[in-house]
Amino acid sequence: MTILIIDDDQALRDSLRRTLRREGYTVLEAAEGGEGLKVVKSHPIDVVLVDLFMPGKEGLETIGELRRSHPGIKIIAMSGGGKKGHMDVLKAAKLMGARRVLAKPFTREELIDTVEQLLVN
């Protein structure tokens, strides 16, 4: 199984990559949505973990494009809130097509459980 992490936070990508690789997943990375969409076009991806607030192409737009171009990819949206007021961005991400959401900060166990639940459903 191959997981793509799209997040502008290098330290978080490193941590997620290490955790997911320990669980046996192949992990690819992108620093923003446009880069992530290029990765999806050139590699078979099973799950995308996407942050909602990033410079460049942000998460909701990326989710919408993934839904149109690769409807079979399973998407997990991640967010720590951001600066866009009190709008529930994780709820918006589900409406856009994310199958699961993770509120930052989340634990290693929450990450693994969410990925595993998504892969069996």
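Right, let's walk through the structure included here. Only a predicted model underlies this, so the values are computations on that prediction, with no experimental measurement involved.

So, how was this worked out
Residues numbered from 1 in each chain as written. Predicted model: local features only at pLDDT ≥ 70, side-chain atom pairs only at ≥ 80, totals over all residues. Heavy atoms only, no water. Helix = DSSP H or I, 4+ residues; strand = E, 2+ residues; numbered from the N terminus. Rg over C-alpha atoms; globule rule 2.2 N^0.38 Å. Buried < 20%, exposed > 50% of the residue type's maximum accessible area, 1.4 Å probe, protein only. Pairing = 2+ DSSP bridges. Axes fitted to C-alpha atoms, helices over the stretch in contact; angles between N-to-C directions. Parallel < 35°, antiparallel > 145°, perpendicular 65-115°, else oblique. Left-handed = near helix turned anticlockwise from the far one by under 90°. Contact = heavy atoms within 4.5 Å. Nonpolar A, V, L, I, M, F, W, Y, C, P; charged D, E, K, R; others polar. Salt bridge = Lys/Arg side-chain N within 4 Å of Asp/Glu carboxyl O.

1. Section: the overall build of the chain
Then, in step 1: A tally of helices and strands in the chain yields five helices and five strands.
Then, in step 2: When the helices and strands of the chain are listed from N to C terminus, the series reads β-α-β-α-β-α-β-α-β-α.
Then, in step 3: What you see for the chain is a C-alpha radius of gyration of 13 Å, in line with the 14 Å of a compact globule of 121 residues.
Then, in step 4: Taking the principal axes of the C-alpha coordinates as reference, the chain spans close to 35 × 30 × 30 Å.
Then, in step 5: The 121 residues of the chain split such that 46% are buried.

2. A short note on the sheet that holds strand 5 (residues 100-103)
Then, in step 1: Read across the open sheet, the five strands follow the order 2-1-3-4-5; overall the sheet is parallel. Both edges of this open sheet fall to strand 2 (26-30) and strand 5, since each of them pairs with a single strand only. The mean inter-strand angle of the sheet, taken between neighbouring strand axes irrespective of direction, is 20°.
Then, in step 2: Where strand 1 (residues 2-6) and strand 3 (residues 47-51) come together, four bridges link them in parallel fashion. Bridging across to strand 3, L4 finds its partner in V48.

3. Digging into the packing of helix 2 (residues 33-42) against helix 3 (residues 59-69)
Then, in step 1: Running from N to C, helix 2 and helix 3 cross one another at 20°; their axes reach a closest spacing of 9 Å. Taken as axis vectors, helix 2 and helix 3 run roughly parallel relative to one another. Note that helix 2 runs across helix 3; the crossing there is right-handed. Contacts from G33, L37 and V40 of helix 2 reach helix 3 at T62, E65 and L66.
Then, in step 2: Looking at the contact of helix 2 with helix 3 residue by residue, the class counts come to three nonpolar, two polar and one charged.

4. As for the environment of R13
Then, in step 1: Within the secondary structure, R13 is located in helix 1 (residues 10-22).
Then, in step 2: Take R13: its relative accessible area is 8%, and that puts it in the buried class.
Then, in step 3: If near-sequence neighbours (up to four positions away) are discounted, R13 is found in contact with I5, D7, D8, E29, A30 and A31.

5. What to know about the pattern of salt bridges
It is possible for side chains bearing opposite charge to pair when their charged atoms get close.
Then, in step 1: Scanning the entire structure with this criterion turns up eight salt bridges.
Then, in step 2: Of the charged contacts in the structure, one is a salt bridge between R13 and E29, with a shortest N-O distance of 3.1 Å. Residue R13 is located in helix 1, and its partner E29 is located in strand 2; the two are separated by 16 residues in the primary sequence.
Then, in step 3: Residues participating in the shared-partner salt-bridge network are R13, D14, R17 and E29.

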